[in-house]
Amino acid sequence: MSELSRQRILFDQISTDQLEEDAYNGITVYQRHFHRNFLNLLTQKYPILNWLIGTNNFTKINYDYFFHYPTHSGNVTTYGDQLDSYLEQISVDLFNMSFLIDLVKFEKQLFYSSVVSEFEREPFELNILNEYDPSSFTFLFVEHLSFFKTKWPLIDVYNAYKSIECNKPVITPTNYTYPIALYFFNTIDGFKLQIEQIKEDTMLFHHYLKNHSLLGALELMSDEFDFYQWLTYATSKNWIIGISFVNHSSKDTL
């Protein structure tokens, strides 16, 4: 038997929940070690969830999640990516599961926005827009920009978690869903995570620009959409990093 085969058998044994069967066998020692390490990974990805529901609840969720969704990836940062799917199958006392699922999706986006390797870019020069037909190009955006829609007060929860007092907020849903933008902005203290509620049109236009030229995206928007207002807002946040030409066998970028 090859070493790789032996390692796979060992991992399959570790990934089987048998702690209650024999608390002192060798596999259980491995399990406890794995559980502790993966709990640390999950805490790094979902610190707000851990803070809200408490360490005991969070530890139990991690233990059960590990056996339901054992990682087979060499990239350990992907551990916990299916936590929202797992939460759909369970309940946590005193918490609305719809809220916790949204919170987990929100924190996952926060996590992956923060691990983007490159933040600093040259400012986008608006005068380049006058040089090309709007049907020939679309915008390129910073990699760390993402959007999220929810009916829950996730910004309030995030701010409460980050505050000095760390007082847990009252969590009640709105009667509507609203979009949130997550991105990093260069301040005098360096790049800082920004989380803010935005207009529906702002997110919708960004979505259209991913698959259409600037002109094509504009044609899909309502008559009330103000492109110049959107452009002013997007450039003030340093979201745009260039343009990409469309309708070519290979896209060129500027």
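The structure we're discussing is the one just above.
Below is a summary of the structure that appears in this document. Residue positions are given per chain, counted from 1 along the sequence in the order it is written. Residue-level local features of this predicted model are given only where pLDDT is at least 70; pairs of side-chain atoms are given and counted only at 80 or more, and the full residue set underlies all totals for whole chains, interfaces and linings. Note that water and hydrogens are dropped before the side-chain values are worked out from all heavy atoms of the structure.

**With respect to the overall build of the chain**
Secondary structure counts use DSSP, requiring at least four H or I residues in a row for a helix and at least two E residues in a row for a strand, with both numbered from the N terminus. Summing up its helical and strand segments, the chain has ten helices and five strands in all. Burial classes: relative accessible area under 20% of the type maximum marks a residue as buried, over 50% as exposed, and values in between as partly exposed (1.4 Å probe, protein chains only). Counting only residues that meet the buried cut, the chain has 42% of its 254 residues in that class. Whether two residues are in contact is decided by their heavy atoms: any pair within 4.5 Å suffices. For the chain, the share of sequence-separated contacts (at least 6 apart) that also reach a separation of at least 24 residues comes to 64%. Per-residue accessibility takes into account occlusion by the displayed protein chains alone, with areas from the Shrake-Rupley method and a 1.4 Å probe. Carbon and sulfur atoms make up 50% of the accessible area of the chain, which amounts to about 14800 Å² in all.

**A closer look at unusual backbone geometry**
Although it is not a glycine, Leu94 sits at a positive phi angle of roughly 75°. Relative to the helices and strands, Leu94 is located in the loop between helix H5 (83-87) and helix H6 (97-114). Its relative accessible area of 87% is what places Leu94 among the exposed residues.

**Comments concerning the sheet that holds strand E2 (residues 146-150)**
Overall, antiparallel pairing links the three strands, which are arranged E2-E3-E4 in an open sheet. Each having just a single partner strand, E2 and strand E4 (190-197) make up the two edges of the open sheet. Within the sheet, the average angular offset between the axes of one strand and its neighbour, ignoring direction, is 25°. Across eight bridges, the pairing between strand E3 (residues 178-187) and E4 is antiparallel. Bridge pairing links Phe184 to Leu193 in E4. Lines fitted to C-alpha atoms define the axes here, with helix axes fitted over just the stretch in contact, and angles between the N-to-C directions of these axes take values from 0 to 180 degrees. Most of the contacts of H6 go to E2, to which it runs at about 170°, and overall it touches E2, E3 and E4. Its contacts with the sheet place helix H7 (residues 154-162) against E2, E3 and E4, and it is angled at close to 140° to E4. Note: two strands are recorded as paired if DSSP finds a minimum of 2 bridges between them.

**As for the side chain of Ser213**
Along the chain, Ser213 turns up in the loop between helix H8 (200-209) and helix H9 (214-220). When its relative accessible area of 13% is taken as the criterion, Ser213 is described as buried. The contacts of Ser213, once residues within four sequence positions are left out, are Pro134, Ser135, Phe137, Thr138 and Val246.

**Focus: the packing of aromatic side chains**
Classification of ring pairs uses Phe, Tyr and Trp, with its six-membered ring standing for Trp, and accepts pairs whose centres are within 6.5 Å; under 30 degrees between planes counts as stacked, over 60 as edge-to-face, and the remaining range as tilted. Considering all chains together, one arrives at 26 aromatic pairs under this definition. On the numbers, 5.4 Å between centres and 40° between planes, the contact of Phe38 with Phe66 is tilted. Placement of the pair is Phe38 in helix H2 (residues 26-45) and Phe66 in helix H4 (residues 55-68), with a sequence separation of 28 residues. The class of Phe66 is buried, set by a relative accessible area of 2%.

**A short note on the nonpolar core**
We call a set of buried residues a nonpolar core when its members are Ala, Val, Leu, Ile, Met, Phe, Trp, Tyr or Cys and they connect through side-chain atoms within 4.5 Å of each other. Counting 39 residues, the largest nonpolar core has Leu49, Leu83 and Phe106 as its most contacted members. Counting residues per element, this core draws most heavily on H6, which supplies eight residues. The residues touching Leu83, leaving out its near neighbours within four places in the chain, are Leu42, Tyr46, Leu49, Ile61, Tyr65 and Val104. Counting 28 residues, the second-largest nonpolar core is a separate cluster that includes Phe137, Leu145, Ile198 and Ile240.

**Description of H6**
Each residue after the first adds 1.5 Å to the expected span of a helix. When the terminal C-alpha atoms of H6 are compared, their 26 Å separation across 18 residues agrees well with the 26 Å that a helix rising 1.5 Å per residue should span. Counting buried residues along H6, 13 of its 18 residues qualify, which places the element largely inside the surrounding structure.

**Regarding the packing of H6 against H7**
Packing of H6 against H7 leaves a shortest axis separation of 11 Å and a crossing angle of 65°. Comparing their axes, H7 and H6 come out roughly perpendicular. H7 is crossed by H6, and the crossing has right-handed handedness. Taking contact as the criterion, the partners of Phe99, Asp102, Leu103, Phe106 and Leu110 in H6 are, on H7, Leu154, Val157 and Tyr158. Ten residue types, Ala, Val, Leu, Ile, Met, Phe, Trp, Tyr, Cys and Pro, are classed as nonpolar, four, Asp, Glu, Lys and Arg, as charged, and the remainder, Gly among them, as polar. Counted by class, the contact of H6 with H7 contains seven nonpolar, no polar and one charged residues. Should an angle lie under 35 degrees it is considered roughly parallel, over 145 roughly antiparallel, and from 65 to 115 roughly perpendicular; all remaining angles are considered oblique. A clockwise turn of the near helix away from the far one marks a right-handed crossing, whereas an anticlockwise turn of less than a right angle marks a left-handed crossing.

**Here we look at the environment of Tyr208**
Turning to its location among the elements, Tyr208 is positioned in helix H8. Linking Tyr208 and Thr138, residues 70 residues apart in sequence, is a C-alpha distance of 9.7 Å. The residues contacting Tyr208, other than those within four sequence positions of it, are Ala217, Leu220 and Met221.

**A short note on the packing of H8 against helix H10 (residues 227-236)**
For the pair H8 and H10, the least separation of the axes is 11 Å and the interaxial angle reads 90°. It follows from the interaxial angle that H8 and H10 lie roughly perpendicular. Seen from H8, the contacting residues are Thr202, Phe205 and Leu209; seen from H10, they are Phe227, Trp230 and Tyr233.

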